[in-house]
Amino acid sequence: MGLNQKVEMITGSGATPILVTGGAGFIGSNFVLDWLKTGGPVVNLDKLTYAGNPENLASVASNPAYQFVHGDICDAELVTALLRQHRPRAVVHFAAESHVDRSIVGPEAFLRTNIDGTFTLLRAAREYYDSVAGEERAGFRFLHVSTDEVYGTLTPEAPAFHEETPYAPNSPYAASKASSDHLVRAWVHTYGLPAIVTNCSNNYGPYQFPEKLIPLMIANALQGKALPVYGDGQQVRDWLYVLDHCRAIRTVLERGRVGETYNVGGGNQRSNLEVVTTVCALLDELVPESKFKPHRQLVKYVTDRPGHDRRYAIDARKLERELGWRAQESFETGLRKTVEWYLANAAWVKDVTSGAYQQWMAQNYAGRDAGGVSVAAKGRTIVASGESAR
Ligand code: NAD
Ligand code: TYD
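Residues numbered from 1 in each chain as written. Chains lettered and ligands numbered in written order. Predicted model: local features only at pLDDT ≥ 70, side-chain atom pairs only at ≥ 80, totals over all residues. Heavy atoms only, no water.

## Focus on the site of ligand 2
Phase 1 of the analysis: Lining the immediate environment of ligand 2, one finds 19 residues, of which E149, P228, R305, H308 and Y365 sit closest.
Phase 2 of the analysis: At 2.5 Å, a side-chain N or O of R305 approaches an oxygen atom of ligand 2.
Phase 3 of the analysis: Y365 places a polar side-chain atom, nitrogen or oxygen, 2.6 Å from an oxygen atom of ligand 2.
Phase 4 of the analysis: For ligand 2, the accessible surface in isolation is 510 Å², of which the surrounding protein chains cover 97%.
Phase 5 of the analysis: Taken together, the elements giving at least two residues each to the shell around ligand 2 come down to helix 4 (100–105), helix 8 (213–222) and strand 8 (227–230).
Phase 6 of the analysis: The element best represented in the shell around ligand 2 is strand 8, accounting for three residues.
Phase 7 of the analysis: Of the residues that constitute the shell around ligand 2, the class distribution is eight nonpolar, five polar and six charged. (Near = heavy atom within 4 Å. Polar contact = N/O pair within 3.5 Å; in protein donor to acceptor, adjacent residues only side chain to side chain. Areas by Shrake-Rupley, 256 points an atom, 1.4 Å probe, with all protein chains shown as cover. Helix = DSSP H or I, 4+ residues; strand = E, 2+ residues; numbered from the N terminus. Nonpolar A, V, L, I, M, F, W, Y, C, P; charged D, E, K, R; others polar.)

Shown next, in the form of structure tokens:
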């Protein structure tokens, strides 16, 4: 049996493709790799910003069911042509500027990609949807991947975000994602585009760019660099293993109701300090020969992020109840897998942390040193300077 036949058996590459945007980023590449195992052909449109890495998809680069298109979601002509050419059964929209700290330093790119880009995609998708009929039309979906950050921040006792929680975005990133969610809503309501929105909590797992908390801490700890904890480290996030998120997206694509929002969360609320010290303990165990042990001594409190949201937590009961999805990974097993992946993929980390990454690290962290105090010096009771009381 030839390779093409084999691939066709596995992926059904004769079948209708899906169009993924931002598939070379963290969640997108996990999704594409997972989808190609069983889901059928994929066309991946990605601009390859600093966060997009074709290496993530090297293992499927020659798979005939996978096609990469290097381009911008703001390019209306390109998006329209891709929809006409591939006639996808769904658009799964991951492409975004995604890092809150970068949105504080330079919000323009966030407004452009997250708002204008989503608008461009919606306009093209509507035109495409209006041009098809029958099963093609009935089955078409536009799935917009969004974030829990659109809901703002929670006090420690407040109930978790649910689908009816009012929007109250606090960072330029969150505001741009909230805008894009509103655009999707309007395209459903006004034009009847069969779109669905998912709002998920903080993802973690393989291929996450080491500007985000967990991979940054792993990469720094392995090199004996400081582990910069913002403020008092007591901010809480609800951690979702990336493959649980990918399964949720597949479920929503298959069975989600058009026009609905589904919240996706891992049910793992942890303070940042807990996350960082757990990463350190795992590294102590998995790299016993490290000269930086115990890695916890590298923790350093630094000046807080402006407007830092205190707590996020997701109520995912709608997705569980209506569509039968459940997170399968516990935080303990997921974090262990993640640390093991970064240890086994040192070359990937080295590759993405050269060049422009170093400039970002200097820009984001250089000014935060003042007032930073190491945990080793003062124990867990420190409240660092700059913590906003929410
Ligand atoms: P990422 O930053 O790792 O990847 C983004 C990808 O989009 C990159 O491959 C980049 O090259 C591509 N891209 C950026 N601008 C583009 C443009 N104009 N045209 C085409 N491609 C472009 O992001 P991620 O963490 O994988 O997040 C994916 C989606 O999930 C985003 O929409 C994000 O808002 C959302 N989300 C992420 C998290 C998380 O914890 N990572 C949590 C909630 C929601
Ligand atoms: P991040 O991974 O940037 O995700 P988000 O801001 O979207 O939640 O940050 C997760 C948490 O970790 C957030 O509360 C900010 C904090 N954090 C640090 O304490 N130090 C760091 O160096 C980074 C990048 C984040």
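Let's pick the thread back up.
## Notes on the site of ligand 1
Phase 1 of the analysis: Around ligand 1 there are 28 residues in total, and I27, D46, S98, Y173 and K177 lie nearest to it.
Phase 2 of the analysis: T113 has a polar side-chain atom sitting 3.0 Å from a nitrogen atom of ligand 1.
Phase 3 of the analysis: In the complex, 97% of the free accessible area of ligand 1, which totals 840 Å², lies under the protein chains.
Phase 4 of the analysis: Listed by contribution, the elements that provide at least two residues to the shell around ligand 1 are helix 2 (26–38), strand 5 (141–147) and helix 7 (172–191).
Phase 5 of the analysis: Counting residues per element, the shell around ligand 1 draws most heavily on strand 5, which supplies three residues.
Phase 6 of the analysis: Residues that form the shell around ligand 1 fall into these classes: twelve nonpolar, twelve polar and four charged.

## Observations regarding helix 2
Phase 1 of the analysis: Within helix 2, eleven of the 13 residues are buried, which leaves it mostly tucked inside the rest of the structure.
Phase 2 of the analysis: Among all positions in helix 2, only F26, I27, G28, S29, N30, F31, V32, L33, D34, W35 and L36 are buried.
Phase 3 of the analysis: Trailing helix 2 by a residue or two, G40 shows a phi angle of about 115 degrees, which is positive. (Buried < 20%, exposed > 50% of the residue type's maximum accessible area, 1.4 Å probe, protein only.)

## Thoughts on the pairing of strand 2 (residues 42–46)
Phase 1 of the analysis: Extensive coverage of strand 2 is indicated by the burial of five of its five residues.
Phase 2 of the analysis: As paired strands, strand 1 (residues 18–21) and strand 2 are joined by four bridges and run parallel to one another. Across the sheet, V20 pairs through a bridge with N44, a residue of strand 2. (Pairing = 2+ DSSP bridges.)

## As for the packing of aromatic side chains
Two aromatic rings, taken as a pair, are described by how far apart their centres are and by the angle between their planes.
Phase 1 of the analysis: Within this structure, the stated rule accounts for 21 aromatic pairs.
Phase 2 of the analysis: Between F119 and W187, the ring centres sit 5.9 Å apart and the planes meet at 75 degrees, which makes this aromatic pair edge-to-face. With a gap of 68 residues between them, F119 in helix 5 (residues 108–131) and W187 in helix 7 connect regions that are remote in the sequence.
Phase 3 of the analysis: Ring geometry for Y207 versus W348: centroids 6.1 Å apart, planes at 75 degrees, classification edge-to-face. Of this pair, Y207 sits in the loop between strand 7 (203–204) and helix 8 while W348 sits in helix 13 (residues 346–352), placing them 141 residues apart in sequence. (Phe/Tyr/Trp six-rings, centres within 6.5 Å; stacked < 30°, edge-to-face > 60°.)

## Here's the deal with the domain arrangement of the chain
Phase 1 of the analysis: Structurally, the chain comprises domain 1 (3–205 + 241–264) and domain 2 (213–235 + 269–307 + 331–378).
Phase 2 of the analysis: Distance between the C-alpha centres of domain 1 and domain 2: 29 Å.
Phase 3 of the analysis: Contacts between the two partners involve 13 residues from domain 1 and, on the opposite side, 18 residues from domain 2.
Phase 4 of the analysis: Buried surface at the junction of domain 1 and domain 2, both sides included, amounts to about 1,200 Å², of which 58% is carbon and sulfur.
Phase 5 of the analysis: For the domain 1 face of the interface with domain 2, the top three residues by lost area are D101, R102 and Y204, together amounting to 41%.
Phase 6 of the analysis: Taken together, the links from domain 1 to domain 2 amount to two salt bridges.
Phase 7 of the analysis: Linking domain 1 to domain 2 there are four residue pairs in polar contact (both at pLDDT 80 or more).
Phase 8 of the analysis: It is helix 4 that provides the largest number of residues to the side of domain 1 that touches domain 2, a total of five residues. (Domains from an automatic or database assignment. Contact = heavy atoms within 4.5 Å. Buried area = accessible area lost by both parts, 1.4 Å probe. Salt bridge = Lys/Arg side-chain N within 4 Å of Asp/Glu carboxyl O.)

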